[in-house]
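Notes for the structure review
Below, each chain spelled out in residue letters.
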Amino acid sequence: MINRASVKLIQDLMSSRQDGCEGDQLLDTHSVIRRFRANLVIAGAEPFEEDNWSHLIIGNTRFMVAGQCGRCQMIGIDQDTGTKTKEPLFSLSAYRAGKVTFGVYLSHQSPESSTGANVLSAGSLIQAEPHKY
Amino acid sequence: MDLKELAANALAQNKKAALLVGAAGAALLGFGLGYKYMRKPEKAVRVGVVSQILIHPLKSGKAVPVSVAECQKMGLKSGGLEDRHWLVVTEEGNMVTARQEPRLVLVSLSCRGGHAYLNGPDMEELKFPVKHPDNPILNCRFHITVVLNAIY
């Protein structure tokens, strides 16, 4: 699962350090989203807020946040052309200072018996439970 | 009113005030403890909405946007397509992903009428039956971090 707010932040970073040679594609939000090859894209409020969540309820389905999603040069592949660019990994690793994660893995938690509780829909509301510290 | 009387009055009022402050403090402590121990362990807050659901039926292949998907043991499923269900392998059984072949991201996989269809730029459509009951099972070599039951 990735968060559009984080995508927006990375996009802003890229356009601020843009050297002109690979900028055009990366200024389009949709093309940046596709590079992360996520199953779920959410419209959240704050960049990287998903790092602080322990559980999520999406619609009626509960998930455990199973871990953060480590990223590599694979996000450099333009999903429209199949060519590679240094971005967005370059900006992401500069911003995250060593910890190059983007998005989280979710693990389905609702009991098997509860019918209808395992369907996800675009537009569903998302509730989060923060980590206990 | 002489000075002595005034002092005694002030003292009495102060005592009352001190008692009140004490009672308020105890009540606050009670509420605090109650809040700490009686409330549900974590409170869920609304954080956003699902903006897109994407399924990649072929590992490293083109994404398919869907509006509804089912959570299954091995990931999301929608309209007969399961996430990362298919994998390209070499004849020797080595996996092929966009790591070796970045242009694999341009290849789409769709299913209809019991057949899977592969399409990509500058290639003829490739069609094969989804079920191959007579084909031998190939052991493949994998070198990825496997996160079981996960949704990406």
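Our structure's up above, just so we're on the same page.
Residues numbered from 1 in each chain as written. Chains lettered and ligands numbered in written order. Predicted model: local features only at pLDDT ≥ 70, side-chain atom pairs only at ≥ 80, totals over all residues. Heavy atoms only, no water.

From N to C terminus, chain B includes 1 helix and 11 strands. Listed by position from the N terminus, the elements making up chain B come as α-β-β-β-β-β-β-β-β-β-β-β. A burial count over chain B gives 24% of its 152 residues as buried. Here the analysis covers contacts within chain B between residues at least 6 apart in sequence; of these, 44% occur between residues at least 24 apart. Carbon and sulfur atoms provide 60% of the accessible area of chain B, an area that totals close to 10,900 Å². (Helix = DSSP H or I, 4+ residues; strand = E, 2+ residues; numbered from the N terminus. Buried < 20%, exposed > 50% of the residue type's maximum accessible area, 1.4 Å probe, protein only. Contact = heavy atoms within 4.5 Å. Areas by Shrake-Rupley, 256 points an atom, 1.4 Å probe, with all protein chains shown as cover.)

Attention now goes to empty space enclosed by the protein. One way to see where empty space is left: roll a probe the size of a water molecule over the atoms. Applying the stated rule across the entire model yields 1 cavity of 30 Å³ or more. Taken as a whole, the largest cavity holds about 40 Å³ of empty space. Lining the largest cavity, in full, are Arg34, Arg37 and Gln79 of chain A together with His56, Lys62, Ala63 and Val105 of chain B. Residues belonging to the lining of the largest cavity are distributed by class as follows: 2 nonpolar, 2 polar and 3 charged. (1 Å grid on protein atoms, 1.4 Å probe; cavity = no way out; pocket = protein on both sides within 12 Å on 5 of 7 lines; lining within 4 Å. Points joined across faces, edges and corners; volume = space filled by probe spheres on them. Nonpolar A, V, L, I, M, F, W, Y, C, P; charged D, E, K, R; others polar.)

Time to look at the packing of aromatic side chains. This model, assessed by the stated rule, comprises 4 aromatic pairs over all chains. Seen in terms of ring centroids, Trp86 of chain B and Phe128 of chain B are 5.3 Å apart; in terms of plane orientation they differ by 75°. Their pairing is edge-to-face. Note that Trp86 of chain B is positioned in the loop between strand 5 (81-82) and strand 6 (88-89) and Phe128 of chain B in strand 10 (residues 126-129), a separation of 42 residues in sequence. Each member of the aromatic cluster is reached from another via a ring pair, and the members are Phe36, Phe48, Tyr95 and Phe102 of chain A. Residue placement shows Arg96 of chain A over the ring face of Phe48 of chain A; its charged tip is 3.8 Å from the ring centre. Residue placement shows Arg112 of chain B over the ring face of Tyr117 of chain B; its charged tip is 3.8 Å from the ring centre. (Phe/Tyr/Trp six-rings, centres within 6.5 Å; stacked < 30°, edge-to-face > 60°. Lys NZ or Arg CZ within 6 Å of the ring centre and 35° of its normal.)

Once that is clear, we can look at unusual backbone geometry. Peptide bonds are, in most cases, trans, and in most cases residues other than glycine have a negative phi. Here the residue pair Glu87 of chain A and Pro88 of chain A is connected by a cis peptide bond, since its omega of 5° sits within 30 degrees of zero. Mapped onto the elements of the fold, Pro88 of chain A is located in the loop between strand 4 (61-70) and helix 4 (89-96). Even without being glycine, Arg84 of chain B reaches a positive phi, approximately 50°. Within the element layout of this structure, Arg84 of chain B appears in the loop between strand 5 and strand 6.

With that settled, the discussion passes to the sheet that holds strand 9 (residues 115-119) of chain B. All names here are of chain B. The antiparallel open sheet is built from 3 strands, whose spatial order is 8-9-10. The open sheet has two edge strands, strand 8 (108-112) and strand 10, and neither has a second partner. Strand-to-strand twist in this sheet, taken as the mean axis angle between neighbours without regard to direction, amounts to 25°. Bridge count for strand 8 against strand 9 is 5 bridges, and the pairing is antiparallel. Note on strand 9: the bridge partner recorded for Ser110 is Tyr117. (Pairing = 2+ DSSP bridges. Axes fitted to C-alpha atoms, helices over the stretch in contact; angles between N-to-C directions.)

This part takes up the environment of Glu82 of chain B. All names here are of chain B. Structurally, Glu82 can be placed in strand 5. The class for Glu82 is partly exposed, based on a relative accessible area of 27%. Beyond its immediate stretch of four places on either side in the chain, Glu82 contacts Ile55, His56, Pro57, Gln72, Leu76 and Lys77.

Turning next to the environment of Asn94 of chain B. As for its placement among the helices and strands, Asn94 of chain B is situated in the loop between strand 6 and strand 7 (95-96). Discounting chain neighbours no more than four positions away, the residues touching Asn94 of chain B are Val88, Val89 and Arg141 of chain B.

This brings us to the sheet that holds strand 6 (residues 119-121) of chain A. Taken in spatial order, the 4 strands make up an open sheet running 6(A)-3(B)-4(B)-5(B), and their pairing is antiparallel. Of all strands in the sheet, those bounded by a partner on one side alone are strand 6 of chain A together with strand 5 of chain B.

A few words on the pairing of strand 2 (residues 40-44) of chain A. As paired elements, strand 1 (residues 2-3) of chain A and strand 2 of chain A share 2 bridges and run parallel to each other. In the strand pairing of strand 2 of chain A, Asn3 of chain A is matched with Ile42 of chain A.

Take the nonpolar core next. One finds Leu56, Ile58 and Leu106 of chain A to be the most contacted residues of the largest nonpolar core, which totals 29 residues. Sorting the residues of this core by element identifies strand 2, strand 3 (53-58), strand 4, strand 5 (101-108) and strand 7 (125-130) of chain A together with strand 1 (45-55), strand 3 (68-72) and strand 9 of chain B as the ones contributing at least two each. Of all the elements, strand 1 of chain B adds the most residues to this core, at 4 residues. Formed by 17 residues, the second largest nonpolar core is a distinct cluster that contains Ile10, Leu92 and Phe102 of chain A together with Leu54 of chain B. (Core = buried A, V, L, I, M, F, W, Y, C linked by side-chain atoms within 4.5 Å.)

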